[in-house]
Structure formats: structure tokens, C-alpha cells
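# Structural description and commentary
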Amino acid sequence: MAQRTAVISDETVTGEALDGIPFSMARAGDGRVYFIPAHFRPLVFSPAQGTLRQFSRSGSGPGEFMTPTRLFVQNDGRLAMLDPPQLRLTVFTDSARPLSTRRIPGKLSPEAVLLEDSVSVYNASVNSPEAIGFPFHTIGADGNFARSFGARTQMRKPEDGAQLRRRLAPSRGQRFWAARELRYEITEWSATGQPLRTITRRPSWFPPAERFESATATRPFTPFVTAIRATGDDILWMLVAVPGKNYASGLGSGTRSTDGVMRYPITSHARHYDTVIEVIDLKSATVLASQRLPGHFAYFLDDEHVANYDEAEDGTPRVEIWRLTLTGLPAGR
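This report concerns the structure included in the present document. (Residues numbered from 1 in each chain as written. Predicted model: local features only at pLDDT ≥ 70, side-chain atom pairs only at ≥ 80, totals over all residues. Heavy atoms only, no water.)

### Here we look at a negative patch on the surface
Note the threshold: Surface patches are drawn from residues lacking salt bridges whose relative accessible area is over 30%; two like charges belong together within 9 Å, two nonpolar side chains (Val, Leu, Ile, Met, Phe, Trp, Tyr) within 5 Å. Accessibility throughout is a Shrake-Rupley quantity obtained with a 1.4 Å probe, and a residue counts as covered only by protein chains that appear here. Between Lys or Arg on one side and Asp or Glu on the other, a salt bridge is scored when a side-chain nitrogen of the former is within 4 Å of a carboxyl oxygen of the latter. Counted charges follow a simple rule, with Lys and Arg positive, Asp and Glu negative, and His plus the chain ends left uncounted. Note on charges: their place is set at NZ of Lys, CZ of Arg, CG of Asp or CD of Glu. For helices the rule is a DSSP run of H or I covering at least 4 residues; for strands it is a run of E covering at least 2, with both sets numbered from the N terminus onward.
Negative charge collects at one region of the surface, where D10, E11, E313 and D314 lie side by side. For D314, the position within the fold is in the loop between β26 (305-311) and β27 (317-324).

What follows is the structure, encoded as C-alpha cells:
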């Protein structure tokens, strides 16, 4: 089901160095992989040349960035980058040259999808009277705010915002899929705010939760959805981070924060995390395949590739590219 095809690290490529877990990744049709790493300088990996280099530059001019958080490869092969501090979306050519920059009003979130006809959907907590408590906010092709929708949540404390977090993926036309972060619940929505269908499960390895709890030396973290992706009209893939069998061995020494809570840094993602990959048949809402892999598989790069973040023995960051395949499916699938 999963086979490693490439490793990106200081030992395997030349040029820029990774400095930690990426915020976003995407893979172009020619095999190049685009990153937004922890230092917010966009990078591109070329497997043909074995290089990792920066594209674009910091600034407010055309094609420049401040703090980008999300990358998309559009259907036409062009790359789009979301930069929330500057409230804009920049589109690049397939060779990463800036093509256009579009202003987007309102507060933005790192999670977003681009639909047909230049409609954008953002998952964010927006503290305005008409938008508070709604998880989804749409921007039309003209760059103007269109609507907020989704289940309204009564916001009493800052941590209530966790109930609004979703993982998003384009569906078809002006539709999209949204997965709750802390429970197995995936809904297809129209960009006009109508829920179309919902898939729910209650597997023992993913109990529903209202808030995320980080791991301690004696308590595992709360499982959470890291990414979803639809391939065609029939298949939906989902990645769920679950505690590794020896999750505590991936934690560093705890320190007590100002609020009196002990916090433990993750020193090995490979030991701390396992990932459950599930493949859902959308016609029957049944699981076609399910596999648990060691490591932190947190990114769908395209319809066939995922990425796993890891560290070498000396702590050097590395990203592994894996190819996914489905075998043993019924005829016609």
C-alpha cells in the first residue's frame, strides 16, 4: 500500500536545509515538491537535480511573501501560496515564477481549499458578529467575502476554537470535503453552505474528543486527523495521527510552563507517532483499506504520494516521500 520513493534531508540533497516540520507541502506533475518549512521561506525540491532551494523572497511586492502557511497545486499545474499576514493569494507558474497576486479580505487560517471558478474556502475562527462560531468562510472570484457557514459553536473560551478546526480537500465543482480534527466525521459541503453527505465512524483507535491533549510521560496524546484527499468522485483518503506503541520514548525532558503545566517536546516523530491511513469508498461509505504505519505521515502531496516527517539519529530533519497504491480491490474499482 505504501512504498518510500525519496528522502529529502541534508544528507541526500544540496542547497537549503530543512529546519523542522513543514507547515504545508505539495507535489507538481513533474515530481518537484514544494515546502513551507518552519522558517516560512518557501522551498522547492527537485528530484532530478537533487537540490532544495528557496523560491520567491520576503517582501510585499508581486510574488513576495511575509508568512506563508499553505500551498496548492491547481488543476492547471500552477502553484498557489496563501500568505495570511498580507491577506493575499499568489499564483506561480509551473516553474515557480510569480504570475498573479490576489488580495483576500478578512482573517485567514492556514487551512484552505481552492475550488472551481476561483472560489476559496477557509477554515478559521473569525470573531465578527456574522461569522463567529462558523468553521467555513468563502471568498468569491471577485475577492469579496461571500458567506460563513457550518455548525455554529458557542464561543465562551479561547480553547473552544478547537471545535471549529477542520481538514479540507476539494471535491468536484464547487464542493469540498471537511473532516473534524478530533473525531471521525467527514462531510461534503457545497460552497454555498449546504451539507451534502456525512461519513462517520467510531473505531477504537480514534475515540471522539472535544479538545486536544498533548502527550506526557504517562498519557498519550489525543488522536487527530492530519489530512484528507479525494481522488475522483469515488475515493477519499484520510491520515490520522495516533500514539506510537512507544510514544513516550519520542518525548524529551519535561519543563513546567508559567501556567504550571508540564510540557514535553517531541524529539522523535518516528517513535512518538503512528499514522492510520484509511481509504473510503464514497459510493457505499465503507472502508476499502486501512493500514497503520510507524511515523508522522501528515501530508498528501498529490493523488498518489504522501510525506512522512522524521529525524535522523543526530536529530537532523528529514522528509520521506511515499507512493500509495491500492491492491486487491473488487473489479471495476
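That was the structure; now back to the text.
### Notes on the sheet that holds strand β24 (residues 286-294)
Worth spelling out the cut-off: Strands are treated as partners if at least two bridges between them are detected by DSSP. Comment: axis = line fitted to C-alpha atoms, over the contacting stretch for helices; angle = value between 0 and 180 degrees taken between N-to-C directions.
Ordered by their spatial adjacency, four strands build an open sheet running β19-β20-β23-β24, and the pairing between neighbours is antiparallel. Every interior strand has two partners, whereas the edge strands, β19 (224-231) and β24, have only one. Strand after strand, the sheet turns through a mean of 15° between neighbouring axes, direction not considered. One ladder, built from eight bridges, connects strand β23 (residues 273-281) with β24; its direction is antiparallel. Pairing of I277 across the sheet is with Q291, part of β24.

### Looking at the environment of G15
Tracing the backbone shows G15 in strand β2 (residues 14-15). Once the C-alpha coordinates of G15 and F45 are considered, the two residues, 30 residues apart in sequence, prove to be 9.5 Å apart.

### Details of the nonpolar core
Defined as follows: Definition used in this section: a nonpolar core is a set of buried Ala, Val, Leu, Ile, Met, Phe, Trp, Tyr and Cys residues joined via side-chain atoms within 4.5 Å. Relative accessible area decides the class of each residue, using a 1.4 Å probe on protein chains only: under 20% of the type maximum gives buried, over 50% gives exposed, and in between gives partly exposed. The contact criterion used throughout is that any non-hydrogen atoms of two residues lie within 4.5 Å.
In terms of nonpolar packing, the biggest core is built from 17 residues, with W177, I186, V225, I228, L236, M238 and I280 touching the most fellow members. Elements that contribute at least two residues to this core include exactly β16 (175-180), β19, β20 (235-243) and β23. Each residue touching V225, except ones within four places of it in the same chain, is listed here: R167, A179, R180, E181, R183, F206, M238, L239 and V240. L18, V33, Y309 and I321 belong to the second largest nonpolar core, which has 16 residues in total.

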